[in-house]
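The primary structure of each chain is shown beneath.
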Amino acid sequence: MKIARDFLVLGSGLAGLTFALKVAKYGSVALITKDALEESATRYAQGGIASVMAEDDSVDLHVSDTIEAGRGLCQEDVVRCIIREGPAQIRELIQLGAQFTRTGSKDFHLTREGGHSKRRILHADDLTGWEIERTLIAAVRNQPNIDIYTFHMGIDIITRSNLDPKISPGGPGDEAVGLYVLDEATGEVITFVGKVVLLATGGAGKVYLYTSNPDTATGDGVALAYRSGAKIANMEFFQFHPTCLYHPQAKSFLISEAMRGEGGLLRLKNGDTFMENYHPLGCLAPRDVVARAIDHEMKKSGDDCVYLDVTHMEGYRIRERFPNIYKTCQSFGFDMTQQPLPVVPAAHYMCGGVMVDLNGQTNIPRLFASGETCYSGLHGANRLASNSLLEGLVLSHRAAAKAIGLLQLTPGLSALQEIIPEWDSGSAVESDESVVVSHNWDEIRRLMWNYVGIVRSNKRLYRARRRIAMLLEEIKEYYWSFNLTKDTLELRNIAITAQLIIHGALERQESRGLHFTLDFPDPDNKGPVKNTVLQDDTQRLITSKPAEQFKNDRA
Ligand code: SIN
């Protein structure tokens with residue numbers, strides 16, 4: 001089956017929904033998502049959205065906090081633009097119906113998080129992401145130009161280079177013209193034809209054993225883009241949130257940084273505080289510092305966790321300010337008004353991603369990316385808390401404006417439809433060995449946690465690289481032999497994402513921000529700080545990378 005729409009949007013978090021809403025006034029939209037419409041990382045965002053809203057704050061201050069957290073890798077023009085344009089986009093969200101917590105009838109309650117020199121985080125209690133997601137979904141459902149395809153998973157981007165062997169992936173003449181998509185209910189592969197493709201599939205926390213992310217975070221956008229020849233940047237910078245609930249059934253439930261913003265303290269088992277030994281901002285130091293400090297203290301003491309103490313706050317204030325966290329912790333047997341919470345770091349945010357310019361445009365014309373899927377230059381080597389929703393909002397707005405402008409310059413959809421072939425599943429049959437998928441999935445997540453976590457070394461990274469190359473071979477064989485399922489596609493995507501994180505980490509022979517390696521414990525400040533850019537411009541299917549493309553790769 002072929003379906004043609006002007007705009008194809010993959011992903012239904014803040015970035016995908018914002019883009020879809022804005023372009024729908026100018027053309028038809030297919031909004032494609034592999035789960036229920038509301039299931040995205042956005043809906044789980046607790047802390048909030050950082051923006052300059054207070055009188056004692058300024059764009060310059062927010063810019064300098066972001067750049068300070070980003071450890072020399074932020075792109076200043078991008079930082080400035082996103083921060084400057086943020087308030088207007090937030091006002092649009094409010095006009096659409098988003099309700100952020102206020103102190104009285106007029107003023108917003110602004111909270112503080114690590115690395116921010118001012119209170120500037122707008123929030124809706126501790127369910128900010130859900131409030132935004134709810135608002136955008138209501139608006140999208142009201143827009144007749146948007147067709148929604150839930151439980152449909154993107155397989156591959158269709159590009160000119162797929163259709164013409166003379167065009168190399170990501171090279172001159174290449175452009176995005178569609179998507180192959182698996183209908184999870186029927187197993188059918190649908191050919192979506194479009195003039196513009198936006199990747200907004202969120203992050204890749206599921207690449208690690210412990211993560212605050214939902215199950216959908218399998219690096220889909222990055223893997224699809226990489227296979228198409230798009231440039232992928234700075235994947236070595238994976239942010240670990242310092243405080244996730246330590247409980248076997250809690251699935252690394254996030255304990256918002258806003259709790260430390262309201263005075264919460266990190267303590268060891270014996271009650272001692274320790275963050276003052278690591279950073280002048282103590283518990284409100286940037287995340288890379290706090291996560292590493294906790295990791296260090298846990299290794300030193302042999303304890304399984306540290307503790308977050310908010311018992312200084314009055315009980316009713318905790319219940320009012322953090323109702324969702326309070327209720328969830330209570331369901332696991334912890335009353336945070338009376339006792340410190342056991343917490344551990346867990347994988348939280350992919351700071352690298354598909355490389356885009358300030359309009360969300362990748363190096364492949366008509367292929368855009370926004371939100372956690374992309375690397376715009378805002379986050380650098382370490383994302384400042386609550387800057388991500390802001391980035392998705394502004395970048396999707398800018399990408400929409402650019403994409404609308406491209407509509408007129410594109411051949412008609414029927415011309416494209418004629419030249420794009422339907423998916424060919426070859427001689428694939430039903431799998432009788434699904435255990436391979438669950439086993440490999442598990443192995444990747446464990447090896448990433450053990451060898452490519454908060455503290456790295458060359459030895460661990462080489463070991464991880466060898467294992468992932470073997471797993472990729474196995475996955476490739478499985479992929480071509482058996483009918484596609486969501487699980488197979490996700491496995492292939494996390495394996496590719498893991499490989500990109502490992503290669504990025506091996507390329508960066510220094511410690512900077514979220515990438516810390518025992519072999520190069522200091523930042524290399526001898527020359528300009530470089531981005532790690534990986535591009536697979538030679539092949540469209542999964543492979544391990546030819547060694548010569550990684551010049552510093554000394555296995
Ligand atoms: C949090 O609430 O701590 C998460 C906010 C973020 O990751 O930006």
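Here the structure is shown first, and the text comes after it.
So, how was this worked out
Residues numbered from 1 in each chain as written. Predicted model: local features only at pLDDT ≥ 70, side-chain atom pairs only at ≥ 80, totals over all residues. Heavy atoms only, no water. Buried < 20%, exposed > 50% of the residue type's maximum accessible area, 1.4 Å probe, protein only. Helix = DSSP H or I, 4+ residues; strand = E, 2+ residues; numbered from the N terminus. Pairing = 2+ DSSP bridges. Axes fitted to C-alpha atoms, helices over the stretch in contact; angles between N-to-C directions. Parallel < 35°, antiparallel > 145°, perpendicular 65-115°, else oblique. Left-handed = near helix turned anticlockwise from the far one by under 90°. Contact = heavy atoms within 4.5 Å. Nonpolar A, V, L, I, M, F, W, Y, C, P; charged D, E, K, R; others polar. Near = heavy atom within 4 Å. Polar contact = N/O pair within 3.5 Å; in protein donor to acceptor, adjacent residues only side chain to side chain. Areas by Shrake-Rupley, 256 points an atom, 1.4 Å probe, with all protein chains shown as cover. Core = buried A, V, L, I, M, F, W, Y, C linked by side-chain atoms within 4.5 Å. Salt bridge = Lys/Arg side-chain N within 4 Å of Asp/Glu carboxyl O.

S.K.: What is the right way to look at the pairing of strand S11 (residues 238-245) in this model?
M.R.: One face of the sheet, then the other: side chains in a regular strand alternate in exactly this way. Taken across its eight residues, S11 has eight buried, putting it largely inside the fold. Note that S11 and strand S14 (residues 341-350) share six bridges and pair antiparallel. Bridging across to S14, cysteine 244 finds its partner in valine 344.

S.K.: Please explain the packing of helix H14 (residues 458-481) against helix H15 (residues 486-507) as it appears in this structure.
M.R.: The packing of two helices is summarised by the inter-axis angle and the distance between the axes. Between H14 and H15, the shortest axis-to-axis distance is 9 Å and the interhelical angle comes to 155°. Taken together, the axes of H14 and H15 are roughly antiparallel relative to one another. The crossing of H14 and H15 is left-handed. Here Asn458, Leu461, Tyr462, Ala464, Arg465, Ile468, Leu472, Ile475, Tyr478 and Tyr479 of H14 lie close against H15, whose contacting residues are Thr488, Leu489, Leu491, Arg492, Ala495, Ile496, Ala498, Gln499, Ile502, His503, Ala505 and Leu506. Among the residues making up the contact of H14 with H15, the classes are represented as 16 nonpolar, four polar and two charged.

S.K.: Teacher, can you tell me more about the sheet that holds S11 here?
M.R.: Note: strands within a sheet are paired through backbone hydrogen bonds, in either parallel or antiparallel orientation. Strand order in the open sheet made by the four strands is S11-S14-S13-S12, with antiparallel pairing throughout. Strands at the two margins of the open sheet, each flanked by one partner only, are S11 and strand S12 (265-267). Pairwise comparison of adjacent strand axes, ignoring direction, gives a mean angle of 45° for this sheet. Inspection of the sheet shows strand S13 (residues 306-309) paired to S14 by three bridges, in the antiparallel sense. Bridge pairing links leucine 308 to leucine 341 in S14.

S.K.: Is there a simple way to think about the site of the ligand in this case?
M.R.: Taken together, the residues surrounding the ligand are Gln46, Gly47, Glu113, His241, Leu254, Ser256, Glu257, Arg287, His348, Arg383, Ala385 and Ser386. Residue histidine 241 places a side-chain N or O atom 2.7 Å away from an oxygen atom belonging to the ligand. Histidine 348 is positioned such that a nitrogen or oxygen atom in its side chain is 2.7 Å from an oxygen atom of the ligand. Alone, the ligand offers 260 Å² of accessible surface; in the complex the protein occludes 95% of this. In terms of residue class, the shell around the ligand is made up of two nonpolar, six polar and four charged.

S.K.: Sorry, what's going on with the nonpolar core here?
M.R.: Where a protein is soluble and globular, its nonpolar side chains tend to be buried together. In this structure, Phe7, Phe19, Leu179, Phe192, Tyr208, Ile444 and Met448 are the most contacted members of the largest nonpolar core, which totals 118 residues. The contact partners of methionine 448, leaving out residues within four places of it in the chain, are Val207, Tyr208, Gly453, Ala498, Ile501 and Ile502. Met259, Met275, Val306 and Tyr326 belong to the second largest nonpolar core, which has 31 residues in total.

S.K.: How should the pattern of salt bridges be read in this particular structure?
M.R.: Evaluation of the coordinates by the stated rule reveals 37 salt bridges. The salt bridge partner of aspartate 164 is lysine 166, with a shortest N-O separation of 3.7 Å. By relative accessible area, aspartate 164 is classed as partly exposed at 23%. Between arginine 366 and glutamate 175 there is a salt bridge whose closest N-O contact spans 2.8 Å.

S.K.: Hey, could you run me through the side chain of arginine 160 in this one?
M.R.: Take arginine 160: it is sitting in helix H5 (residues 160-163). A relative accessible area of 19% means that arginine 160 is categorised as buried. For arginine 160, the residues in contact, after removing those within four places along its chain, are Ile167, Gly173, Asp174, Glu175, Val177, Pro411, Leu416 and Ile419.

S.K.: When you look at the sheet that holds strand S3 (residues 49-50) in this model, what are you seeing that I'm missing?
M.R.: Spatially, S3-S5-S4 is the arrangement adopted by the three strands of the open sheet, whose pairing is antiparallel. At either margin of the open sheet sits one strand with a lone partner, and together these are S3 and strand S4 (110-111). Where S4 and strand S5 (residues 121-122) come together, two bridges link them in antiparallel fashion. Bridging across to S5, threonine 111 finds its partner in isoleucine 121.

S.K.: Looking at this structure, how should I read unusual backbone geometry?
M.R.: Trans peptide bonds make up most of the peptide bonds, and negative phi angles are found at most residues other than glycine. We note that aspartate 125 has phi near 45°; this positive angle belongs to a residue other than glycine. The phi angle at serine 386 is positive, at roughly 65°, despite the residue not being glycine. For serine 386, the position within the fold is in the loop between strand S17 (374-375) and helix H11 (388-406).

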